[in-house]
Amino acid sequence: MSGRAGESPDRTPGLTLVSSQGKSFRFDPGALCLELLPTGGPGAFARWEVLHEPADLVAWARRSRLPDGLDLAVSAAELEHARALRDALFPLAADRAHDRPLRAAHLDVVNAAAAGPPLVARIAPDGSRAWAPGATGTQLLATVARDAIDLFTGPYAHRVRECGAHNCYLLFVDTSRPGRRRWCAMEHCGNREKVRAHRARQEPGKP
């Protein structure tokens, strides 16, 4: 995981993460709700926390796959709710990835967030897509939670994956046609695991 994330200049979906070695790489988790997970998490993943103040959640929304132009206001309480939602989504996604039962306590958090009013889109006078003014953190979280419900109950529910690298826990939706995506990013974990496998072949008996 990474403590920093950014967006590409052309607004293609995905995040720019920075590894513990300081190397940046592109990671597309395939769903809005899963984009929230690299901002931190429960337990040991708290070391990656980046949502320290309301402005951090606003910055995350700007980097996410949500369309541009969202004028968002976030309160301190909504920031706490964002961290709680993320900390529930993290184990839910991991459980889904490993075909484990989804735990009621985590589902309750997601369902409660989804019950709120979502972000509202509108058509601007020039015909372009825009956001209704006055967007709140609560609306943002409702949108994220509803995205999670759509993912975990939809046709790609069985395609939620955890990166196959031995020490990477990034979660993503495998939207590839053959359904054989293994890594968070080929340029990051894919290449690292290829190097590990090559070394193992060259040095039998060594891990």
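Conventions used here
- In this numbering scheme, every chain counts its residues from 1 along its sequence in written order.
- A pLDDT threshold of at least 70 governs which residues receive local features in this predicted model, and a stricter bar of 80 or more applies before side-chain atom pairs are shown or counted, although totals over entire chains, interfaces and linings include all residues.
- Excluding hydrogens and water, the side-chain values take into account all heavy atoms of the structure.
- Each helix corresponds to a stretch of at least 4 residues labelled H or I by DSSP, and each strand to a stretch of at least 2 residues labelled E; elements are numbered beginning at the N terminus.
- Think of it in three bands: residues with accessible area under 20% of the maximum for their type are buried, residues over 50% are exposed, and the middle band is partly exposed, with areas taken using a 1.4 Å probe on protein chains only.
- Between Lys or Arg on one side and Asp or Glu on the other, a salt bridge is scored when a side-chain nitrogen of the former is within 4 Å of a carboxyl oxygen of the latter.
- Residue-level confidence of the predictor, termed pLDDT, takes values from 0 up to 100.
- It only takes one pair of heavy atoms within 4.5 Å for two residues to be counted as in contact.
- In this scheme, strands are said to pair when DSSP sees at least two bridges between them.
- Aromatic pairs are defined between Phe, Tyr and Trp rings, using the six-membered ring for Trp, whenever the two ring centres lie within 6.5 Å; interplanar angles under 30 degrees are classed as stacked, those over 60 as edge-to-face, and all others as tilted.
- Our definition puts a charge over a ring when NZ of Lys or CZ of Arg is within 6 Å of the ring centre and also within 35 degrees of the ring normal.

**Observations concerning the overall build of the protein**
The helix and strand tally for the protein stands at six helices and nine strands. Counting over 207 residues, the protein shows a buried share of 43%.

**Things to note about the pattern of salt bridges**
Scanning the model with the defined rule gives eight salt bridges in all. A salt bridge links Arg 161 to Asp 174, with the shortest nitrogen-to-oxygen separation between them at 3.7 Å. Residue Arg 161 is located in strand β8 (residues 160-162), and its partner Asp 174 is located in the loop between β9 (171-173) and α6 (186-202); the two are separated by 13 residues in the primary sequence. Residue Arg 161 is classed as partly exposed on the basis of its relative accessible area, which comes to 22%. Classification of Asp 174 by relative accessible area gives buried; the value is 0%. Connected through salt bridges with shared partners, the residues Asp 28, Glu 35 and Arg 65 form a single ionic network.

**With respect to the confidence of the model for the protein**
Per-residue confidence for the protein gives a mean pLDDT of 88; residues scoring 70 or more make up 86%. Here residues 1-9 is a poorly scored stretch, pLDDT under 50, and it has 33 contacts once near neighbours within four places are set aside; other chains count.

**Points about the pairing of strand β2 (residues 15-18)**
Of the pairings in the sheet, the one linking β2 to strand β3 (residues 24-27) comprises four bridges and is antiparallel in character. Across the sheet, Thr 16 pairs through a bridge with Arg 26, a residue of β3. Following β2, the chain reverses through five residues before pairing antiparallel with β3; Gly 22 in that reversal takes a positive phi of roughly 85°.

**Describing the environment of Thr 136**
Mapping Thr 136 onto the fold places it in strand β7 (residues 135-136). Placed 58 residues apart in sequence, Thr 136 and Glu 78 show a C-alpha to C-alpha distance of 8.5 Å.

**Observations regarding the packing of aromatic side chains**
Using the criterion set out here, one finds two aromatic pairs in the structure. For the pair Phe 45 and Phe 90, a centre-to-centre distance of 4.6 Å together with 25° between the ring planes defines the contact as stacked. Highlighted residues: Phe 45 in the loop between α1 (32-35) and α2 (54-63) and Phe 90 in helix α3 (residues 76-97), separated in sequence by 45 residues. Across the pair, Phe 90 and Phe 45 agree in class, each one buried. The lysine or arginine in question, Arg 129, covers the ring of Trp 131, its NZ or CZ lying 4.7 Å from the ring centre. Across the ring face of Phe 172, the terminal group of Arg 181 is positioned such that the distance to the ring centre comes to 3.9 Å.

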